[in-house]
Amino acid sequence: MKTIYLDNNATTRIAPEVLDQMRPYLDELYGNPSSMHSFGGQVAKKIAQAREQVADLLGASSPAEIIFTSCGTESDNAAIFGAVRSYPEKRHIITSRVEHPAVLNTCRYLPKEGYRVTFLSVDHSGQLDLEELRAALTPDTAIVSIMYANNETGVIFPIDEIAAIVKEKGAIFHTDAVQAVGKIPLNLKESQIDMLSLSGHKLHAPKGVGALYLRQGTKFTPFLLGGHQEGGRRAGTENVASIIGLGAACELAARHIPEEQTGVRALRDKLEHSILAKVPNTRVNGDPIHRLPNTTNIGFEFVEGEAILLMLSDRGIAASSGSACTSGSLEPSHVLRAMEVPFTHAHGSIRFSLSRYTTEEEIDTVISELLPIIDRLRAISPFGPKSKTLAQNQKP
C-alpha cells in the first residue's frame, strides 16, 4: 500500500537532489574538514558552501552567522543557555505557552537554577497579545524566545514586530523557526532577530542536522565545549554529509518557496474546505489567515483523534494529532489547551501538514477515506449525538 504522507511538520522525505549531494561524503570523500591536507580541505570547502546556502535562504548578512548543530532542539538549547550564561546578572526569561517542548521544557527547567520565567498566553486563534509581552519585559530580562510558526496549528507570529519590542527593552531575542524555514520568505538582514533555530529534517534534508543563526555582535556562550569547530561556538567533528545535505535542501527550498505559497497552499485549502463542507461539527484550530501554507489543524467533535489516526493509518494515510515530540499522551496538546479549544474538539483534533511532493490525487483520496471514518466513529461515540455525515453527503 502506497503511503499518503500528510505529516510533514513531523519530518519530511529527503529530496532526491539532496541525497545525491550527500552520497559522495558518505563513501569516498570521508576526510575530516579540520585536517590540513587537501583530502580534508575539499570537504571543508563543501561545508563552507553549505553555510552560504543556509545564510542565503535566511537572508543573513554573512555565512559566519550560521552555526551548524545536530538538530533544532540543540539549537534552541544553545540559544537559551547561551544567552543566560552571557548575561548572568539577568534572571528573567520570557516565552509563550505554545512553544515546542525544546523551548518549553528548557524554560521549565531554568527556575531550578534561580530564574524567573514568564509564559505568555495566546488567544482563541493562537495569537499573542503584544501588550502582555511589553508588560512582561523588565531590565532583568535576559532573553525572549518566541517561535516563528507553531508546529501544531501553523499559526505565524508577528516575529519582526516582537523582535523590535524586545530589542527596545535591551533583551536578546530568539525564535524557533523550525517550521517556518523553507515555507515562508525570511530576510534576517531586515529583522532585529538575534538568534534563530532551524532543523534539516523539516525541509527535506536528513535528520540529525540543524543550524543556529547568531547575529554578528550578539554575545554568546557556547553550549558544547571541546574543539575549535564552528569558530569555537559549537565543538565536535562536523556531520559532514548531513551538513552538505542541509545546504542543498536550503538552496532547493529557496527556489520552491513560491510553490509553497501557491500550489501547496491550494491543496491545503482544498482539503480543509472539503472537510468543513462535508463533515458537520468540525472547526479549524488557529488563525485562518496568519499561518503556514502547508498546515491545517482540524477538530472533529465527539471523536478521539487517536482513533482517527489509527483508521487513517490502516488506509495508508499518515497524519498526526500534534507534535511528534509530545505524542503518546491521551491528553489534548498543550497548544490546544492554551487556545482553550473546547474539550470535545480538542480530543478529536488532527493536524494535516503537506509538502511540495503532495499531489491533488492524494488529497482527493484523503477526503474520500476520511468521511466514512468520522461517521463510523461518531456512530459509536459516547460523547455526543450520532453522526449524520454520510446521510448528508448522500443526499441528491
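Just so it is clear, the model here is predicted, and its values are computed rather than measured.

K.L.:
Can you tell me about the packing of aromatic side chains, naming the residues and giving the values?
P.N.:
Across all of its chains, the model carries three aromatic pairs by this definition. Centre to centre, the rings of Tyr30 and Phe39 are 5.1 Å apart; their planes meet at 75 degrees, and the pair counts as edge-to-face. Its relative accessible area of 64% is what places Tyr30 among the exposed residues. With a relative accessible area of 30%, Phe39 lands in the partly exposed category. Aromatic pair Phe81 and Tyr109: ring centres 6.4 Å apart, planes at 55 degrees, arrangement tilted. Of this pair, Phe81 sits in helix 3 (residues 72-86) while Tyr109 sits in helix 4 (residues 101-109), and the two are 28 residues apart along the sequence. In this structure Phe81 comes out as buried when scored by relative accessible area, which is 9%.

K.L.:
Quick rundown of empty space enclosed by the protein? Include the residues and the values.
P.N.:
One pass over the full model with this rule turns up five cavities of 30 Å³ or more. Here the largest cavity defines a volume of roughly 100 Å³. As for the largest cavity, its lining consists of 13 residues, of which Lys183, Lys202, Leu203, His204 and Glu260 are closest to the centre. Of the residues that constitute the lining of the largest cavity, the class distribution is three nonpolar, six polar and four charged.

K.L.:
Lay out helix 8 (residues 305-314) in plain terms, naming residues and giving numbers.
P.N.:
Listed in full, the buried residues belonging to helix 8 are Gly305, Ile308, Leu309, Met311 and Leu312. Summarising the contacts, the buried residues of helix 8 are in contact with strand 10 (295-300), strand 11 (317-318), strand 12 (349-353) and helix 11 (360-379). Looking one or two residues past helix 8, Gly316 carries a phi angle of roughly 80 degrees, positive in sign.

The rules behind each value
Residues numbered from 1 in each chain as written. Predicted model: local features only at pLDDT ≥ 70, side-chain atom pairs only at ≥ 80, totals over all residues. Heavy atoms only, no water. Phe/Tyr/Trp six-rings, centres within 6.5 Å; stacked < 30°, edge-to-face > 60°. Buried < 20%, exposed > 50% of the residue type's maximum accessible area, 1.4 Å probe, protein only. Helix = DSSP H or I, 4+ residues; strand = E, 2+ residues; numbered from the N terminus. 1 Å grid on protein atoms, 1.4 Å probe; cavity = no way out; pocket = protein on both sides within 12 Å on 5 of 7 lines; lining within 4 Å. Points joined across faces, edges and corners; volume = space filled by probe spheres on them. Nonpolar A, V, L, I, M, F, W, Y, C, P; charged D, E, K, R; others polar. Contact = heavy atoms within 4.5 Å.

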